[in-house]
Structure formats: C-alpha cells, structure tokens
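Close look at the chain arrangement
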Amino acid sequence: MDGVTTSAHAAATTSPTRFAFLGPRGTFCQQALNAIAPEDSNTTHIPAIDAPRAIKMVREGEADFAVVPIENSVEGGINATLDTLAQSADLIIGAEVLQQISFVLAVRPGTKLAGIKRLSTHNAAWTQCRNWLLTHLPDVVHLPATSTAAGAKGLTLPYDDAAYDATLVSPLAAQQYGLEVLSADVADNPDAVTRFVMIGAAGAVPPRTGSDKTTLMVQLPTDEAGALLTLLEQFAAHGVNLTRIESRPIGDSLGRYAFSIDAEGHIFDERIQSTLVALHRVSPKVTFLGSYPSAAGVKTKLLAGTADSDFHAARAWVKSLVSRSMPSADVE
C-alpha cells in the first residue's frame, strides 16, 4: 500500500472486529487502520472524537481495539495517547503502522487565499506546516480541531456555523468532504511520518519475529542522585537498545516523572525479561505496554553475550555452582 508500512496485517483480522479510531472518517488514523483491518462486512470502524476516547472505548468494552497516533517524526510522542495508555496495565499495544503524512490547504469551493483569516486543523498539522503558513498566511488565526478530518468536516457546514475559512488536511479527506485544494504539499517536511498503534486488552502478545519492540512506562525514583542513569544502566547492562525515550509527568506533584520507552526486543527474549527484573528492583513502578512486531521490519542486532542461549548458559553455570556449594546430605 502506497505510503504505508504495517507490522502485522493479520494481527487483528482473526480477532473481534470493532475498531475505534481517531475520527471523523477520512483521518490519517483511519488510513492507518485500513492497513490493519479494512472496513468490510466483518469489520466495523468506529470514529471517536479524540485518541483518549478511542482508548476508553476499549477499556469499557465498546470496542475490541483502538488505533491511535502515538508518535510523529516532527514533534515526537503524542502525549494524550501515551498518558491515557499508561493509566493502568489493562491494555497493551499489539501492532504498529507507519503512515507518511502529507497536507493540503483546503477550502470551500470559491474561497481565495487572500480571503483566509481563520484556519482549523489538528495541532500536529499546524506545527508541521508552520513555516509554510508563516510565509503564505502570516496573519491567519489557528482554531484547534480534534483531528485534521474534523477541520475538513466543519467546512461542510454553513459558513456562519463553521467559523473558519480553511483547513490543513490529507488529500483524501479534502476529496471526501468535497473541498477545493488551494495548495498541495504544504508540510514543511515532505518526509514526515506518523506512527500509529493498535491497542487491545492485555493478554497474549504477538509471537516473536526477531524485529520487535517492547513499550514500557518506567517511573523514576525521586530525590535520588543518578536515578535516571541507574534506570538507563539496566538496559545497557543487558544489551537492550532504546528506540524512543520521553519523560512524562506523573501528575500528582511537581518533580515526579516517568519515562515512556520503546526498546528493541520482545517479552519472550531473555534479555528483555532480565531487564524487566532489573527495572523492577530500581523503579517504584514499571508498566508493561506490549511487545509487537516493528513496522520497520529491521532485524535486531544482538550484542555479544545477549542471545537467549547466552543467558541460559549463564544461569546453568550459576546453578551448577550453587548445587556444588550446597552442604552434602551426609555431613553432620
């Protein structure tokens, strides 16, 4: 599929088929969902007003899965998704999709560039087109929308109800809502990519592929010098590479933080299990948020001494030492 790389098309197709997504229809999120499970007679796409509510639908049994954005290449992590997902350990990520992002400036038919005074779109789209807007629409006022497609849908309302003149949206959504494209490819970075994840109830995880990610939320100890270094050392000591790490406030008081982390590897890997044991010893709280195939599909390169067989051999050696060191049964 053009512009889309998916980690597991089959991950959801054999499961229950209610999928919540960041709506309305026509969002980049629905395009990512189509890469996992296209809507047909066996699959239902349910638009949600924002990512937290899509995740909430899974928690409350109104949907079996949610597909939501979690990271983009311009701004990094999507905080609303990260924080909502990490509220408890009841949900996990089961798949990811990388979606190339392109924006157009869309208007009601007949609107001219000089007539655009207010523009409504998602904050991420506004940020990714900031330089273009400063050049071509320096005085335009941004009215935040819950999604790019929501901004497009609003332009189908009577003018007095819409309260804005233009939107930044995908070419597909512009076409879907009957809008006129005034300018194409308005994004500052033509290679921008957003990462979407499929979230479901905690339980069985996808099998290992050799190209996997494990997502965690690890709370940082407070009032302790070198606490972050101690946390990171647990990954380094077991040969686990991090592909993303971002701090998030815990929210109960100033100065208390957790780290949202993507690590190369799978919960079934010995080195990931050993890392989790180590993190559990030094962190007040570790939340496992899933192991799943990486959309990039690049095989993980293991450091010397970090293969499963290395851990098995090391444990067998220690066990032999312990066994040899035990007092003999006939010693009084």
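So, how was this worked out
- Residues numbered from 1 in each chain as written.
- Predicted model: local features only at pLDDT ≥ 70, side-chain atom pairs only at ≥ 80, totals over all residues.
- Heavy atoms only, no water.
- UniProt positions renumbered as here; feature names shortened; annotations may be inferred.
- Helix = DSSP H or I, 4+ residues; strand = E, 2+ residues; numbered from the N terminus.
- Buried < 20%, exposed > 50% of the residue type's maximum accessible area, 1.4 Å probe, protein only.
- Contact = heavy atoms within 4.5 Å.
- Areas by Shrake-Rupley, 256 points an atom, 1.4 Å probe, with all protein chains shown as cover.
- pLDDT = per-residue confidence, 0-100.
- Pairing = 2+ DSSP bridges.
- Axes fitted to C-alpha atoms, helices over the stretch in contact; angles between N-to-C directions.
- Parallel < 35°, antiparallel > 145°, perpendicular 65-115°, else oblique.
- Nonpolar A, V, L, I, M, F, W, Y, C, P; charged D, E, K, R; others polar.
- Patch = residues over 30% accessible without salt bridge, like charges linked within 9 Å, V, L, I, M, F, W, Y side chains within 5 Å.
- Salt bridge = Lys/Arg side-chain N within 4 Å of Asp/Glu carboxyl O.
- Domains from an automatic or database assignment.
- Buried area = accessible area lost by both parts, 1.4 Å probe.
- Polar contact = N/O pair within 3.5 Å; in protein donor to acceptor, adjacent residues only side chain to side chain.

Going by what an unreviewed UniProt entry lists, the protein is known as Prephenate dehydratase and is assigned to Arcanobacterium bovis. The protein has a UniProt comment under Catalytic activity (unreviewed entry) that states "prephenate + H(+) = 3-phenylpyruvate + CO2 + H2O". Database annotation for the protein, UniProt heading Pathway (unreviewed entry): "Amino-acid biosynthesis; L-phenylalanine biosynthesis; phenylpyruvate from prephenate: step 1/1."

Across its full length, the protein carries 12 helices and 16 strands. Taking the principal axes of its C-alpha atoms as reference, the protein extends roughly 100 × 50 × 35 Å. In the protein, which comprises 332 residues, the share counted as buried stands at 48%. Contacts in the protein between residues at least 24 apart in sequence constitute 77% of all its contacts with a sequence separation of at least 6. Carbon and sulfur atoms make up 55% of the accessible area of the protein, which totals about 16,100 Å².

A few words now on the confidence of the model for the protein. The predicted coordinates should not be examined in detail at positions where pLDDT is low. For the protein, per-residue confidence averages 90 on the pLDDT scale, and 93% of positions sit at 70 or higher. Between the elements of the protein, mean pLDDT differs from a low of 46, seen in helix α1 (residues 10-13), to a high of 97, seen in strand β16 (residues 286-293). Predicted confidence for residues 6-13 stays below pLDDT 50, and this span has 19 contacts to residues more than four positions away or in other chains.

We now examine the sheet that holds strand β14 (residues 242-249). Note on sheets: strands pair through backbone hydrogen bonds, and any given pair is parallel or antiparallel. Here 4 strands make up an open sheet; going across it, the order is β14-β15-β13-β16 and the pairing antiparallel. Looking at the sheet topology across the chains shown, the edges are occupied by β14 and β16. Neighbour-to-neighbour, the strand axes of the sheet open up by a mean angle of 15°, direction not taken into account. Note: β14 against strand β15 (residues 257-264), 7 bridges, orientation antiparallel. Bridging across to β15, R244 finds its partner in D262. Contacts between helix α10 (residues 227-237) and the sheet are confined to β13 (212-219), β14 and β15, with β15 contributing the most and set at about 15° to the helix. Packed onto the sheet, helix α11 (residues 270-282) meets β13, β15 and β16 and runs at close to 5° relative to β13.

Right, let's talk about the packing of α11 against helix α12 (residues 308-325) for a bit. Running from N to C, α11 and α12 cross one another at 60°; their axes reach a closest spacing of 8 Å. Classified by the angle between their axes, α11 and α12 sit oblique to one another. Residues E270, R271 and S274 of α11 touch α12, and the partners they reach there are D308, F311, H312 and R315. Residues of the contact of α11 with α12, tallied by class, amount to 1 nonpolar, 2 polar and 4 charged.

Let us look at a nonpolar patch on the surface. Together, W317, V318, V322 and M326 make up a nonpolar patch on the protein surface, roughly 430 Å² of accessible area in all. Secondary-structure assignment places W317 in helix α12. Residue classification places W317 among the exposed positions, given a relative accessible area of 54%.

Moving on, we come to the UniProt feature "site: Essential for prephenate dehydratase activity" (unreviewed entry) in the protein. Mapped onto the present numbering, the UniProt feature "site: Essential for prephenate dehydratase activity" (unreviewed entry) falls at T194. A residue is classified by how much of its surface remains accessible, and T194, at 9% relative accessible area, is buried. Those residues within four positions of T194 in sequence are excluded, and the remaining contacts are P69, E71, N72, V97, L98, Q99 and I101.

Another point: unusual backbone geometry. That bond from G23 to P24 is cis: its omega, 5°, falls within 30 degrees of zero. The residue P24 is located in the loop between β2 (18-22) and α2 (28-36) in this model. Positive phi outside glycine occurs at D185, with the angle close to 55°. As for its placement among the helices and strands, D185 is situated in the loop between β11 (180-183) and β12 (193-201). According to the relative accessible area criterion, D185 is exposed, its value standing at 62%.

Here the focus is the domain arrangement of the protein. Annotation of the protein at the domain level lists domain 1 (16-100 + 192-203), domain 2 (104-183) and domain 3 (205-300). Centre-to-centre, using C-alpha coordinates, domain 1 lies 24 Å away from domain 2. Here domain 1 meets domain 2 over a buried area of about 1,100 Å², counting both sides, of which 62% is carbon and sulfur. Where domain 1 meets domain 2, there are 0 salt bridges. Linking domain 1 to domain 2 there are 5 residue pairs in polar contact (both at pLDDT 80 or more). Looking at side-chain class alone, the side of domain 1 that touches domain 2 contains 6 nonpolar, 5 polar and 2 charged residues.

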